[in-house]
Amino acid sequence: LVIETAGAVLQWGGAWWLLEAGAGIVELLVLVAAIQALQFAAALSLWRPIAKPGAKIEWPSRSVLLETFRTALPFAAAGLIANAQQRVAPILLGLLAGPSPLAAYGAAARIGGLARLVPQAAFAGALPVLTQEAAQGPRDGLRGRFDRTLVAFSLAAAAVIVAAAGPIATFLYGDEFAGAVPPLMWVGAGLLPTLVNSGRKVYLYAAGAEHDAMRWSAVALVVQ
């Protein structure tokens, strides 16, 4: 946790300094790569004092590498699809409408992203628990409670954003972003299907059906 936190602070401070100095994307990528290398070196240096006596780091065999690569492929593909889903809307909007609607959509999308932070954090915590439940069989109705809680949060967040879209947009971005109110209302209305769909994909990952989750994500990208 200390290594991750220190890396995040270094990345934030270094990016700020580089941007103030007029650096570009290449310098930022070099910064990120250097920080990740430092984090890896720090993890290796700290691993030895806490490892069991006689423990050592070994190169994996070819079969282990191939199996790990095969297992990781659907997750890597899902990450690429998720990034494409985030990028396709602003790219198409910029091509079809121009800067002003794009700015309004960007503001609305950023506010919607803030509303998704809490459930997304819950997804990361729920995945290992749901994985254990999927392996051992349903117990205590955990998945049902998780789904009901997610739906309740989504409805509450959507109601707040739709009802208060005007004050939220103008408070965060100013009166010149009044055009962001209609797209923000649509973003709020879309929270329920978006979050429920994300929760279902988390359960698919937990149940070992990551290929199904990837296929549904690909279908959603095509529809979008």
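One numbering rule holds for all chains: residues counted from 1, following each sequence as written. Note on the predicted model: pLDDT of at least 70 is required for a residue's local features to be given, and 80 or more for side-chain atom pairs to be given and counted; whole-chain, interface and lining totals, by contrast, use all residues. The side-chain values count all of the structure's non-hydrogen atoms but skip hydrogen atoms and water molecules.

Draft legend 1. Main features of the overall build of the chain. Helix and strand content of the chain: nine helices and zero strands. For the purposes of this entry, the term helix denotes a DSSP run of H or I that reaches at least four residues, the term strand denotes a run of E that reaches at least two, and both are numbered from the N terminus. If you list the helices and strands of the chain from N to C, you get α-α-α-α-α-α-α-α-α. With the radius of gyration taken over C-alpha atoms, the globule rule is written as 2.2 Å times the number of residues to the power 0.38. Since a compact globule built from 224 residues should have a radius of gyration of about 17 Å, the 22 Å found for the chain marks it as more spread out than a globular shape. Structurally, the chain occupies a C-alpha span of about 65 × 55 × 30 Å along its principal axes.

Draft legend 2. Just the pattern of salt bridges, in detail. A pair is scored as a salt bridge if a Lys or Arg side-chain nitrogen falls within 4 Å of a carboxyl oxygen belonging to Asp or Glu. Applying the stated rule across the entire model yields two salt bridges. Residue Glu67 is joined to Arg70 by a salt bridge in which the shortest nitrogen-to-oxygen separation is 2.5 Å. Pair noted here: Glu67 and Arg70 are both in helix H3 (residues 62-96), with a separation of three residues, about one helical turn. Residues Arg215 and Asp212 are paired through a salt bridge, measuring 3.1 Å at the closest nitrogen-oxygen approach. Placement of the pair is Arg215 and Asp212 together in helix H9 (residues 210-223), with a separation of three residues, close to one helical turn.

Draft legend 3. Molecular detail of helix H7 (residues 181-189). Considered for burial, the residues of H7 that qualify are Val181, Leu184, Val187 and Gly188. Down the axis, H7 shows its buried residues gathered within 115° of arc, on one side only. Buried residues are those whose accessible area, probed at 1.4 Å on protein chains only, stays under 20% of the maximum for their type, while exposed residues exceed 50% and partly exposed ones sit between those limits. Read the arc as the range of directions from the helix axis to the C-beta atoms.

Draft legend 4. The environment of Phe146, seen in detail. Relative to the assigned elements, Phe146 resides in helix H5 (residues 142-163). Of the residues examined, Phe146 reaches a relative accessible area of 16% and is grouped as buried. Separated by 20 residues in sequence, Phe146 and Ala126 have C-alpha atoms that sit 8.3 Å apart.

Draft legend 5. Broad picture of the nonpolar core. In plain words, nonpolar cores are sets of buried Ala, Val, Leu, Ile, Met, Phe, Trp, Tyr and Cys residues tied together by side-chain atoms within 4.5 Å. Counting residues in hydrophobic clusters, the biggest one holds 23 residues, and the most contacted among them are Leu130, Leu184 and Leu191. Those elements giving two or more residues to this core turn out to be helix H4 (99-136), H5, helix H6 (165-173), H7 and helix H8 (191-206). Among the elements that line this core, the one with the most residues is H4, at eight residues. For Leu191, the residues in contact, after removing those within four places along its chain, are Gly112, Ala115, Arg116, Ser154, Ala157, Ala158 and Ile161. Two residues qualify as a contact provided that any one of their heavy atoms is within 4.5 Å of a heavy atom in the partner residue.

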